[in-house]
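Commentary on secondary and tertiary structure
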Amino acid sequence: MKKETSEVDEISIVLADESHLPYVKTILTTIEEAAKVRGTGIAKRSPEYIESKMKEGKAIIALTQEGEFAGFCYIETWGDKKFVANSGLIVVDTFRGHGLAKRIKKKAFQISRERYPDAKIFGLTTGLAVMKINSELGYRPVTFSELTDDEDFWKGCQSCVNYDILQRTNRKHCLCTGMLYDPAWNKEKEEEKAKSKVKAIVVKPVKKTIKPSAKTSAPKKKIRNKPTNVMKISLF
């Protein structure tokens, strides 16, 4: 029976630790059943592998207030930590349709960015919903050649039913879509924004009208001709 939106909203999404080890079997069973329903391949993981992710603080688990398992995802680094994969995203069927997968994925993405700020984050998926979530987070579809060349990562695909396709194509493509988030893309965007802002700022020279300074001069005094005393002599 599907859960109500209010119930899903109350689910806690936390970083898993040793206290969550009892959920490992349930997690693996949920992943396996989901793969059967979708009819697609999925890389299988051992109980020991999932346990190690929890102990290392590289797993995200979603639980109800009553402690019921609702979803899971884990983080792994490859190629000397130059690449980070958010893998094994799963949501229990009864909790689907309320955005829980997006919340789990965002949590894994956030932790990956905080711990490995310069690493490229990638994933392989056949699910349209996951592709949409990845796109919203800034991922882009890429060829497999742009992903990690770490052989240990690709060995994980051996348990997938479609592994023969990967082999036949010399690891160029498979049924999965490769998606990548490169932090350098954000830096490039920021630089472009900065440049566009500089171009947008036009400094116009301000022309100041210089008024001639009025020279104050003392008023000219009118020169009056003083009458000269002239002695008149009358000649008789």
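Calculation criteria
Residues numbered from 1 in each chain as written. Predicted model: local features only at pLDDT ≥ 70, side-chain atom pairs only at ≥ 80, totals over all residues. Heavy atoms only, no water. Pairing = 2+ DSSP bridges. Helix = DSSP H or I, 4+ residues; strand = E, 2+ residues; numbered from the N terminus. Right-handed = clockwise from strand over helix to strand, strands pointing away. Core = buried A, V, L, I, M, F, W, Y, C linked by side-chain atoms within 4.5 Å. Buried < 20%, exposed > 50% of the residue type's maximum accessible area, 1.4 Å probe, protein only. Contact = heavy atoms within 4.5 Å. Expected span 1.5 Å × (residues − 1). Disulfide = S-S within 2.5 Å. Patch = residues over 30% accessible without salt bridge, like charges linked within 9 Å, V, L, I, M, F, W, Y side chains within 5 Å. Areas by Shrake-Rupley, 256 points an atom, 1.4 Å probe, with all protein chains shown as cover. Salt bridge = Lys/Arg side-chain N within 4 Å of Asp/Glu carboxyl O. Lys, Arg positive; Asp, Glu negative; His and termini not counted. Charge placed at Lys NZ, Arg CZ, Asp CG, Glu CD. Phe/Tyr/Trp six-rings, centres within 6.5 Å; stacked < 30°, edge-to-face > 60°. Lys NZ or Arg CZ within 6 Å of the ring centre and 35° of its normal. Axes fitted to C-alpha atoms, helices over the stretch in contact; angles between N-to-C directions. Parallel < 35°, antiparallel > 145°, perpendicular 65-115°, else oblique. Left-handed = near helix turned anticlockwise from the far one by under 90°. Nonpolar A, V, L, I, M, F, W, Y, C, P; charged D, E, K, R; others polar.

**Description of the pairing of strand E5 (residues 120-125)**
Both faces of the sheet carry side chains from a regular strand, because those side chains alternate between them. Examined bridge by bridge, strand E4 (residues 83-91) and E5 share three bridges and lie parallel to one another. Within the sheet, the bridge partner assigned to Val84 lies in E5 and is Ile121. For the handedness criterion, the β-α-β arrangement of E4, helix H4 (residues 100-115) and E5 is classed as right-handed. Note that E5 and strand E7 (residues 177-181) share five bridges and pair antiparallel. When the bridges of E7 are listed, Thr125 appears paired with Thr177.

**Examining the nonpolar core**
The biggest cluster of nonpolar side chains holds 56 residues, and the ones touching the most others in it are Phe69, Phe72 and Leu100. Residue contributions to this core peak at seven residues, all from strand E3 (residues 69-78). The residues contacting Phe69, other than those within four sequence positions of it, are Tyr23, Thr26, Ile27, Thr30, Ile61, Ala62, Leu63, Ile90, Val92 and Phe95.

**Some points on H4**
Over its 16 residues, H4 runs 23 Å from end to end, which matches the ideal 22 Å to within 8%, given 1.5 Å per residue. Looking only at H4, the buried set comprises Leu100, Ile104, Lys105, Ala108, Phe109, Ile111 and Ser112.

**Points about the state of the cysteines**
Counted according to the given criterion, the structure contains zero disulfides. Take Cys157: it sits in no disulfide, and the sulfur closest to it among the cysteines is that of Cys160, at 6.7 Å. Classification of Cys157 as buried rests on a relative accessible area of 13%.

**Considerations on a positive patch on the surface**
A cluster of like positive charges, contributed by Arg140, Lys189, Lys193 and Lys197, occupies part of the molecular surface. The element contributing the most residues to the positive patch is helix H8 (residues 183-200), with three residues. Relative to the elements of secondary structure, Arg140 occurs in strand E6 (residues 140-142). For Arg140, a relative accessible area of 38% translates into the label partly exposed.

**Considerations on unusual backbone geometry**
You will see that Asp80, though not glycine, has its phi angle at about 55°, which is positive. One can find Asp80 in the loop between E3 and E4. One non-glycine residue, Asn170, lies in the positive phi region at around 55°.

**Let's talk about the packing of aromatic side chains**
Applying the stated rule across the entire model yields 10 aromatic pairs. A centroid spacing of 6.0 Å and a plane angle of 45° characterise the contact between Phe109 and Tyr139, whose relative ring orientation is tilted. Taken together, the residues span a long stretch of sequence, with Phe109 in helix H4 and Tyr139 in the loop between helix H5 (128-137) and E6 at a distance of 30 residues. Residue class for Tyr139 comes out buried when judged on its relative accessible area of 4%. An aromatic cluster is defined as three or more aromatic residues linked by ring pairs; in this entry it consists of Trp78, Phe83, Phe122, Phe144, Phe153 and Trp154. Arg45 extends its terminal NZ or CZ atom over the ring of Tyr49, reaching a point 4.9 Å from the ring centre. Over the ring of Trp185 we find Arg140; its NZ or CZ atom is 3.8 Å from the centre of that ring.

**Brief notes about the packing of H4 against H5**
Between H4 and H5, the shortest axis-to-axis distance is 10 Å and the interhelical angle comes to 45°. Classified by the angle their axes make, H4 and H5 are oblique. Considering how the two elements wind past one another, H4 and H5 form a crossing that is right-handed. Residues Ala101, Lys102, Lys105, Lys106 and Phe109 of H4 touch H5, and the partners they reach there are Ile133, Asn134, Glu136 and Leu137. Here the contact of H4 with H5 is built from residues that sort into four nonpolar, one polar and four charged.

Nothing here speaks to function; it is geometry throughout.
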